[in-house]
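# Residue-level structural notes
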Amino acid sequence: MTTYDLVLSGGRVIDPETGLDAVRDVGVSGGQVREVSATPLAGVTVVDVRGLVVCPGFIDLHSHSADQAGHRLQALDGVTTVLELEAGSYPVAAAYRQAAAEGRPLNYGFATSWAVARMAVLAGVRPGGDIDDFMANIGRPEWQRPAPAAAVGRIVGMLERDLADGALGIGILVGYAPRIDPSEYLAVAALAARAGLPTYTHARELVELDATTPIDGAEEIVKAAAETGAHMHYCHVNSTSIQHVDRVLGLVERVRAEGARVTTEAYPYGAGMTGVGAAFLAPEILHRRGLTPHSLGLLGAEGRLADDAALREVRRRDPGAAVFVHLLDEHDPAQFAFIERALAFPDAAVATDAVPLLWRSGAADPTAWPLPEGVVSHPRTAGTYGRVLRVLVREKGLLSLAEAVRRCTLVPADVVGVPAMRRKGRVQPGCDADLTVFDPSTVADRATYESTILPSAGFAHVVVGGEFVVRDGELLPESLPGRPVTAL
Ligand SMILES: [Zn+2]
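Residues numbered from 1 in each chain as written. Predicted model: local features only at pLDDT ≥ 70, side-chain atom pairs only at ≥ 80, totals over all residues. Heavy atoms only, no water.

### Overview of the overall build of the protein
Selection criterion: Secondary structure follows DSSP: runs of H or I at least 4 residues long count as helices, runs of E at least 2 residues long count as strands, and numbering of each begins at the N terminus. We compute the radius of gyration over the C-alpha atoms and compare it with the globule rule, which gives 2.2 Å times the number of residues raised to the power 0.38. Between buried and exposed lies partly exposed: a residue is buried under 20% and exposed over 50% of the maximum accessible area for its type, with that area taken using a 1.4 Å probe on protein chains only. Pairs of residues are marked as contacts when any of their non-hydrogen atoms sit within 4.5 Å.
Within the protein one finds 14 helices and 22 strands. Relative to the 2.2 N^0.38 estimate, which gives 23 Å for 488 residues, the radius of gyration of the protein is 21 Å and therefore close to what a compact globule would have. Along the longest, intermediate and shortest principal axes, the C-alpha atoms of the protein span 65 × 50 × 45 Å. A buried classification covers 62% of the 488 residues belonging to the protein. The contacts of the protein with a sequence gap of at least 6 include a subset with a gap of at least 24, amounting to 73%.

### Let's talk about the coordination of the zinc ion
Basically, it comes down to this: Because no water is among the atoms considered, metal sites can look incomplete, with donors defined as N, O and S atoms within 2.8 Å of the metal, or 3.2 Å for Na, K and Ca.
Surrounding the zinc ion are the protein donor atoms Glu-86 (OE), His-202 (ND1) and His-236 (NE2), which sit 1.8 to 2.3 Å from the metal. Taken in chain order, the donor set of the zinc ion reads E-x115-H-x33-H. Here His-202 is found in the loop between β10 (199-201) and α7 (217-228), whereas its partner His-236 is found in the loop between β11 (232-234) and α8 (237-241), with 34 residues between them in sequence. Residue classification places His-236 among the buried residues on the basis of a relative accessible area of 2%.

### Let's talk about the sheet that holds β11
As a reminder of what qualifies: Here a strand pair is declared whenever DSSP counts at least two bridges between the two strands. In this analysis an axis means a line fitted to C-alpha atoms, helices contributing only their contacting stretch, and an angle means the value between N-to-C directions, from 0 to 180 degrees.
With parallel pairing, eight strands are arranged side by side in an open sheet as β6-β7-β8-β9-β10-β11-β12-β16. A strand with exactly one partner marks an edge of an open sheet, and here the two such strands are β6 (58-60) and β16 (349-350). Across three bridges, the pairing between β6 and strand β7 (residues 79-89) is parallel. For Ile-59, the partnering residue across the bridge sits in β7 and is Thr-81. Most of the contacts of α7 go to β11, to which it runs at about 155°, and overall it touches β10, β11 and β12 (262-266).

### Re the packing of α7 against helix α9 (residues 245-257)
The criterion, for reference: Orientation labels follow simple angle bins: below 35 degrees gives roughly parallel, above 145 gives roughly antiparallel, 65 to 115 gives roughly perpendicular, and whatever is left gives oblique. Classification used: nonpolar for Ala, Val, Leu, Ile, Met, Phe, Trp, Tyr, Cys and Pro, charged for Asp, Glu, Lys and Arg, polar for all others including Gly.
For the pair α7 and α9, the least separation of the axes is 10 Å and the interaxial angle reads 10°. As the angle between them shows, α7 and α9 are arranged roughly parallel. Touching Ala-218, Glu-219 and Val-222 of α7 are Arg-247, Val-248, Leu-251, Val-252 and Val-255, all from α9. Taken together, the residues of the contact of α7 with α9 break down into six nonpolar, no polar and two charged.

### Concerning the packing of aromatic side chains
Quick note on the threshold: Pairing of aromatic side chains here covers Phe, Tyr and the six-membered ring of Trp, requires ring centres within 6.5 Å, and sorts the geometry by plane angle: under 30 degrees stacked, over 60 edge-to-face, intermediate tilted. In this scheme, the term charge over a ring applies when either NZ of a lysine or CZ of an arginine sits within 6 Å of the ring centre and within 35 degrees of the ring normal.
In this structure the tally under the stated criterion is 12 aromatic pairs. Ring centres 6.2 Å apart and planes at 70° place the aromatic pair Trp-114 and Trp-143 in the edge-to-face group. Here Trp-114 is found in helix α3 (residues 114-123), whereas its partner Trp-143 is found in the loop between α4 (131-137) and α5 (149-164), with 29 residues between them in sequence. On the basis of relative accessible area, Trp-114 is assigned to the buried category, the value being 1%. By way of ring pairs, the aromatic residues Trp-114, Phe-134, Trp-143, Tyr-176 and Phe-280 are connected into one cluster. Of note, Arg-380 hangs over the ring of Tyr-267, and the distance from its end group to the ring centre comes to 4.7 Å.

### As for the environment of Asp-162
Along the polypeptide, Asp-162 turns up in helix α5. Along the chain, Asp-162 and Ala-93 lie 69 residues apart, while their C-alpha atoms are 7.7 Å from each other. Residues in contact with Asp-162, not counting those within four places in the same chain, are Ser-89, Tyr-90, Pro-91, Val-92, Thr-112 and Ala-167.

### Digging into helix α12 (residues 379-395)
Inclusion rule: Here the expected span of a helix is defined as 1.5 Å times the quantity of residues minus one. What the bend at a residue measures is the angle between two axes, fitted to the seven residues ending there and to the seven starting there.
Between the first and last C-alpha of α12 there are merely 19 Å, a value that for 17 residues lags more than 12% behind the 24 Å anticipated at 1.5 Å per step. In α12, a bend of some 45° at Tyr-385 exceeds every other bend along the element. The element α12 is largely enclosed, with a buried count of 15 among its 17 residues.

### Considering the nonpolar core
Using the following cut-off: Residues belong to one nonpolar core when they are buried, are Ala, Val, Leu, Ile, Met, Phe, Trp, Tyr or Cys, and are joined through side-chain atoms within 4.5 Å.
Judged by nonpolar contacts, the single largest core of 136 residues is most densely connected at Trp-114, Phe-134 and Phe-438. With eight residues, the top contributor of residues to this core is α3. When neighbours within four sequence positions are excluded, Phe-134 is seen to be in contact with Ala-115, Val-116, Met-119, Trp-143, Leu-173 and Tyr-176. Within the second largest apolar cluster, 17 residues are counted, among which are Leu-6, Val-28, Val-49 and Val-437.

### Observations regarding the environment of Leu-296
Along the chain, Leu-296 turns up in strand β14 (residues 296-298). We classify Leu-296 as buried; its relative accessible area is 0%. It is 29 Å that separates the C-alpha atoms of Leu-296 and Phe-110, two residues lying 186 residues apart in sequence. Not counting residues up to four positions away in its chain, the partners in contact with Leu-296 are Leu-281, Leu-286, Arg-304, Leu-305, Leu-311, Val-323, Phe-324 and Val-325.

### A closer look at the pairing of strand β20 (residues 459-464)
β20 sits mainly inside the fold: six of its six residues count as buried. The sheet contact formed by strand β19 (residues 435-438) and β20 spans four bridges and is antiparallel. Paired with Leu-435 across the strands is Val-463, a residue of β20. With three bridges joining them, β20 and strand β21 (residues 467-471) adopt antiparallel strand pairing. Paired with Val-463 across the two strands is Phe-468, which belongs to β21.

### A short note on the sheet that holds strand β13 (residues 271-275)
One open sheet accounts for three strands, arranged β13-β15-β14; its pairing is antiparallel. At either margin of the open sheet sits one strand with a lone partner, and together these are β13 and β14. Averaged over all neighbouring strand pairs, the angle between strand axes comes to 30°, with direction disregarded. By the bridge criterion, five bridges tie β13 to strand β15 (residues 322-326) in an arrangement that is antiparallel. Note on β15: the bridge partner recorded for Thr-274 is Val-323.

### Some details on the pattern of salt bridges
The condition is simple: Note on definitions: salt bridges are taken to be side-chain nitrogens of Lys or Arg within 4 Å of carboxyl oxygens of Asp or Glu.
In the structure shown here, the tally under the stated rule is 30 salt bridges. The salt bridge involving Arg-104 is made with Glu-102; its shortest N-O contact spans 2.9 Å. Salt-bridge contacts for Asp-445 lead to Arg-390; the nearest nitrogen and oxygen are separated by 2.6 Å. Here the residue Asp-445 occupies a position in the loop between β19 and β20, and Arg-390 occupies one in helix α12, the gap between them amounting to 55 residues. Using a relative accessible area of 9% as the deciding quantity, one classes Asp-445 as buried. Several salt bridges share partner residues, and in doing so they unite Glu-330, Arg-387, Arg-390, Glu-395 and Asp-445 into one network.

Nothing here speaks to function; it is all geometry.
Here you go:
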């Protein structure tokens, strides 16, 4: 009889691709699942997981929290692969190099960044492959303007080289430069179609929010899919659609029925978060979303912004400052229903939009664990998956447990679609041993808008490439088994 490196014994194994949902032993050796067995397996290490769910590790398509500290919070929420696809990084080689040099607890990967390439061409930014490149320049008008054809050509050329370097697709933050010519968006989508890789869009304004938008943000995405054949992924359809989510999802459903490749994701919170210098937070247009400065609260500060003058001042002084944008009231069932419909939409992925941690007291030290006092974030960074399993599965019964697991694992693996992802999101022999083990009766988010980085509860073990990152509910700070995921 084979003796495996690790056996997870007697858990309820859920494999969303084959539909397996039964008590099994899972044998792991050499970083891969080797056997899934109805009879007991032998292992050097055997962990009794009776009464717990064993499923593929969660794959987050949308995390801006790429350092060790961010990964650790996400590990405690069941995540094993952290991807920065919406903002992306430019150049991706620098982002992969930095993660490899420092080590990461979880697997990591990056799309290239249209916004940062645009900042380089139009605003002279010298990018280093970090989210800071975008946040530091978010409010500068030079990069947000329509670009002449020659500049568009240079931007597309930069993205093309990054795709050749292994980028997982193209992140398109068009909502942060909402007046650009729609032809530029189509040119970027056409590049993605040629490369056979997805795009990840933060949509520009919906017509309901800005009648003067050059094109409706949802129409633009589905049109690009239909016209170029590119796979267009619609990021956080909850927060850019708010109360118009039914119209947007109806459009997505229609073009998908016609054969276009448009996928979606959502997160289970009513508040968004972004840099306060974002174009759509300008005081003169805030009302279009039904917001006032009082709907905005700076991360790490008490209370909300008082008035237009306060908003103008902080946008001038610190445009990259993270700000809560209270879009929908989670305590109002009618408003929370918009979020539920985005999450329950057929084949929608769960994705966090995790934000970089803010270190309020002292310099950032992403290697420190436990996180010191004064570190804050949006609760979605620490709690998205626990919250989906608690609220949507256990409390509301909106998704079955197996379906929720599928939306956290197989669905995002298939959205990314590169060969390396075909070994993730599955519990089958030959697949990567990225596994999450949780108690379905207690799994829950704990992070709130007041205590923003409380780790989720109920995740017993998180295994990445066959190595524990979380064991018996405890994070192992010395464990850095994360590997790059690229398109190469
Ligand atoms: Zn976004």
